[in-house]
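Breakdown of the fold
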Amino acid sequence: MVSSLNSSRSVLDQDGREGTSRLRTLTASTTISQELHDGQTLLMGASGAALTFTLPAALGTGAKFKFKVSVVNTSNYVIQVANSTDVMAGSIWSTQDGGDTVVGWETAASSDTITLNGTTTGGVNIGDWIELEDIKAGFYSVTGMMVSSGTEATPFSAAV
């Protein structure tokens with residue numbers, strides 16, 4: 001006998017938390033928190049306005065924040081750390097939209113900000129993504145895949 005699942009049942013995510021969706025759309029500048037955003041896909045979803053997403057202080061909690069472009073924004077999506085002592089370590093891979101080149105951008109020792117400008121520093125396509133993980137006090141690990149256009153440039157800077 002085959003039984004069917006009740007479609008109104010709640011869903012448990014990989015950490016055992018109840019919920020119906022792991023997607024959250026960000027349409028305004030937002031202070032990211034572990035309680036509200038850890039383990040979710042954070043859709044960057046605004047056009048025509050610069051948006052800044054500020055991470056919580058890196059304490060080694062293992063919190064993961066995955067940002068995905070859901071609306072291409074040529075006014076900048078900025079992901080930055082919370083304070084002047086936290087940094088990002090890792091790399092982002094980018095493909096050029098008009099060619100067959102792949103470029104890898106690695107962080108510098110002082111990198112604390114990622115800027116996707118919708119052209120040269122990435123964020124050209126819906127689905128471009130960046131994941132940051134709080135790996136230890138003062139450090140976020142960063143990985144990602146995106147598309148850039150024009151003359152590619154690193155999305156990393158030291159701006160905080």
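Use the structure listed above.
Residues numbered from 1 in each chain as written. Predicted model: local features only at pLDDT ≥ 70, side-chain atom pairs only at ≥ 80, totals over all residues. Heavy atoms only, no water.

To continue, consider the sheet that holds strand S9 (residues 87-96). Pairing is mixed across the open sheet formed by seven strands, whose spatial order is S3-S5-S7-S12-S13-S9-S10. The sheet is open, and its two borders are formed by strand S3 (23-26) and strand S10 (102-106), each paired with just one other strand. Strand-to-strand twist in this sheet, taken as the mean axis angle between neighbours without regard to direction, amounts to 20 degrees. (Pairing = 2+ DSSP bridges. Helix = DSSP H or I, 4+ residues; strand = E, 2+ residues; numbered from the N terminus. Axes fitted to C-alpha atoms, helices over the stretch in contact; angles between N-to-C directions.)

Attention now moves to the pairing of strand S13 (residues 139-148). Each regular strand carries side chains that alternate between the two faces of the sheet. In this structure, S9 lies alongside S13, joined through eight bridges in parallel fashion. Pairing of Val 87 across the sheet is with Phe 139, part of S13. Across seven bridges, the pairing between strand S12 (residues 129-136) and S13 is antiparallel. The residue of S13 that forms the bridge with Trp 129 is Met 145. Adjacent in sequence and paired antiparallel, S12 and S13 are bridged by two residues, among which Gly 138 carries a positive phi angle near 90 degrees.

What follows concerns unusual backbone geometry. The backbone phi angle of Asn 76 is positive, close to 95 degrees, even though this residue is not glycine. By the secondary structure assignment, Asn 76 is in the loop between strand S7 (64-69) and strand S8 (77-80). For Asn 76, a relative accessible area of 26% puts it in the partly exposed group. (Buried < 20%, exposed > 50% of the residue type's maximum accessible area, 1.4 Å probe, protein only.)

Attention now goes to the side chain of Thr 121. Within the secondary structure, Thr 121 sits in the loop between strand S11 (113-116) and S12. Contacts of Thr 121, omitting those with residues within four sequence positions, involve Thr 115, Leu 116, Met 146, Ala 153, Thr 154 and Pro 155. (Contact = heavy atoms within 4.5 Å.)

Attention now moves to the sheet that holds S11. Judged by pairing direction, the sheet is mixed, and its five strands sit side by side in the order S4-S6-S8-S11-S14 without closing on themselves. Two strands in the sheet have a free side with no partner beyond their single neighbour: strand S4 (30-31) and strand S14 (156-157). With two bridges joining them, S4 and strand S6 (residues 51-54) adopt parallel strand pairing. The partner of Thr 30 across the bridge, within S6, is Phe 53.

With that settled, consider the environment of Thr 74. In this fold, Thr 74 is placed in the loop between S7 and S8. Since its relative accessible area comes to 56%, Thr 74 is described here as exposed. In the structure, Thr 74 is positioned 24 residues away from Ala 50 in sequence and 8.2 Å away in space, judged by C-alpha atoms. In contact with Thr 74, not counting residues within four places along its chain, are Asn 117, Gly 118 and Thr 119.

Attention now goes to the nonpolar core. Counting 27 residues, the largest nonpolar core has Phe 53, Phe 67, Ile 79, Ile 114 and Leu 132 as the members making the most contacts within it. Listing elements by their share of this core, those giving two or more residues are strand S5 (41-44), S6, S7, S8, S9, S11, S12 and S13. Apart from the residues within four sequence positions on either side, Leu 132 is in contact with Leu 55, Ala 63, Lys 64, Phe 65, Phe 67, Ile 79, Met 88, Ile 114, Tyr 140, Ser 141 and Val 142. (Core = buried A, V, L, I, M, F, W, Y, C linked by side-chain atoms within 4.5 Å.)

Right, let's talk about a nonpolar patch on the surface for a bit. A cluster of nonpolar side chains, contributed by Trp 93, Val 102 and Met 145, occupies part of the molecular surface with about 310 Å² of accessible area. Looking at where Val 102 falls in the secondary structure, it is placed in strand S10. Taking relative accessible area as the criterion, Val 102 reaches 54% and is therefore assigned exposed. (Patch = residues over 30% accessible without salt bridge, like charges linked within 9 Å, V, L, I, M, F, W, Y side chains within 5 Å. Areas by Shrake-Rupley, 256 points an atom, 1.4 Å probe, with all protein chains shown as cover. Salt bridge = Lys/Arg side-chain N within 4 Å of Asp/Glu carboxyl O.)

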